[in-house]
Amino acid sequence: MVKSNRGISIIESMVCMVVIGIGFIAIMQLSAFSINSMDRATEKNKLNYLSEMVMEDMIGDPDNVARYGSFMKTCSYSLNNGSNPYQKMQDKWRNKLEEKNQIRINNKDKKMPCDNLDTKKTFVNSGANTSGKVNFFTRKGKQKKYLGVVVK
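Keep in mind that what you see is a predicted model, and the values were worked out from it rather than measured.

Draft legend 1. Seen up close, the nonpolar core. With 15 residues, the main nonpolar core has Val54, Met58, Trp93 and Phe136 as its most contacted residues. Mapped by element, the contributors of at least two residues to this core are α1 (10-60), α2 (85-100) and β5 (131-138). Counting residues per element, this core draws most heavily on α1, at 6 residues.

Draft legend 2. Representation of the side chain of Asn135 within the structure. Within the secondary structure layout, Asn135 lies in strand β5. Every residue in contact with Asn135, bar those within four places of it in the chain, is listed here: Thr119, Lys120, Lys121, Phe123, Lys144, Lys145 and Tyr146.

Draft legend 3. Region of the structure containing the environment of Lys144. One can find Lys144 in strand β6 (residues 143-150). Expressed as a C-alpha distance, the spacing of Lys144 and Asp118, which sit 26 residues apart in the sequence, is 9.5 Å. Apart from the residues lying within four places of it in its own chain, the contact partners of Lys144 are Asn135, Phe136 and Phe137.

Draft legend 4. Representation of the pairing of strand β4 (residues 120-125) within the structure. The alternating pattern of β4 places Lys120, Thr122 and Val124 on a buried face and Lys121, Phe123 and Asn125 on a face that is not buried. Pairing analysis gives 2 bridges linking strand β1 (residues 72-73) to β4, with the strands arranged antiparallel. In the strand pairing of β4, Lys73 is matched with Lys120. Inspection of the sheet shows β4 paired to β5 by 6 bridges, in the antiparallel sense. In the strand pairing of β5, Val124 is matched with Gly132.

Draft legend 5. The arrangement of the pattern of salt bridges in detail. If you walk through the whole model with that rule in mind, you get 1 salt bridge. For the salt bridge of Lys92 with Asp57, the shortest nitrogen-to-oxygen distance reads 2.9 Å. Of the two residues, Lys92 is situated in helix α2 and Asp57 in helix α1; the sequence distance between them amounts to 35 residues. Look at Asp57 and you get buried, because its relative accessible area is 12%.

Draft legend 6. Geometry of the confidence of the model for the protein chain. Residues with a pLDDT of 70 or more make up 74% of the protein chain, whose mean pLDDT is 77. The weakest mean pLDDT in the protein chain belongs to strand β2 (residues 102-105) at 59; the strongest belongs to α1 at 88.

Draft legend 7. Focus on a nonpolar patch on the surface. Together, Ile11, Val15 and Val19 give the surface a local cluster of nonpolar side chains, amounting to about 310 Å² of exposed area. Checked against the element boundaries, Ile11 lands in helix α1.

Draft legend 8. Structural context of α1. Here α1 contains 51 residues, and its C-alpha end-to-end distance of 75 Å stays within 8% of the 75 Å for a straight helix at 1.5 Å per residue. Regarding α1, the residues found buried are Glu43, Leu47, Leu50, Ser51, Met53, Val54, Met55, Asp57 and Met58.

Rules used throughout
- Each chain carries its own residue numbering, running from 1 in the direction its sequence is written.
- Confidence filtering applies because this is a predicted model: local features only for residues at pLDDT of at least 70, side-chain atom pairs given and counted only at 80 or more, and all residues used for totals across whole chains, interfaces and linings.
- The side-chain numbers reported here are obtained from all heavy atoms of the structure, hydrogens and water having been left aside.
- Here the nonpolar core consists of buried residues drawn from Ala, Val, Leu, Ile, Met, Phe, Trp, Tyr and Cys, with membership extended through side-chain atoms lying within 4.5 Å.
- Throughout this description, buried means an accessible area under 20% of the type-specific maximum (1.4 Å probe, protein chains only), exposed means over 50%, and partly exposed covers the range between.
- Going along the chain from the N terminus, every DSSP run of H or I of four or more residues is numbered as a helix, and every run of E of two or more is numbered as a strand.
- In this analysis, two residues are considered to be in contact whenever any of their non-hydrogen atoms come within 4.5 Å of each other.
- Strands pair, by our definition, only if DSSP identifies at least two bridges between them.
- Salt bridges are defined as contacts in which a side-chain nitrogen from Lys or Arg sits within 4 Å of a carboxyl oxygen from Asp or Glu.
- Known as pLDDT, the predictor's per-residue confidence is scaled from 0 to 100.
- Only residues above 30% relative accessible area that lack a salt bridge enter a patch, with like-charged residues linked at up to 9 Å and the nonpolar side chains Val, Leu, Ile, Met, Phe, Trp and Tyr linked at up to 5 Å.
- We get accessible surface area from the Shrake-Rupley algorithm with a probe of 1.4 Å; when it comes to residues, only the shown protein chains can shield them.
- Residue count minus one, scaled by 1.5 Å, sets the expected span of a helix.

Here it is, written out as structure tokens:
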């Protein structure tokens, strides 16, 4: 009896290619998800840093804390160039928040897209205890960072 040596058929090779293709697609989706997760984590860390910086500046100037409540930043950007300490601090905040939207592509600084729902605000409630709040909305207003402390 003579056995015939046969190779794999076209159907078997096509099934193999489909299985390998599904594996590559899964790996690509996993890597895209992990990159997006890292971007979100980086953005959250920056917002934590910036909100703590704003609160520390407000706590550091308790005599003028009521004047810090007027800060708001959206996509439009302009400096006050003020001479008062609270105006200088607000200009510093605007600069830092603007840096957050900068990316570097081909050795050129470019601004990331900004949405009008991405707002950064400070609130000050005066009373027996003066308290300050920072609200940062990013990612088209979907992500929120809130920090509040009693200033004096």
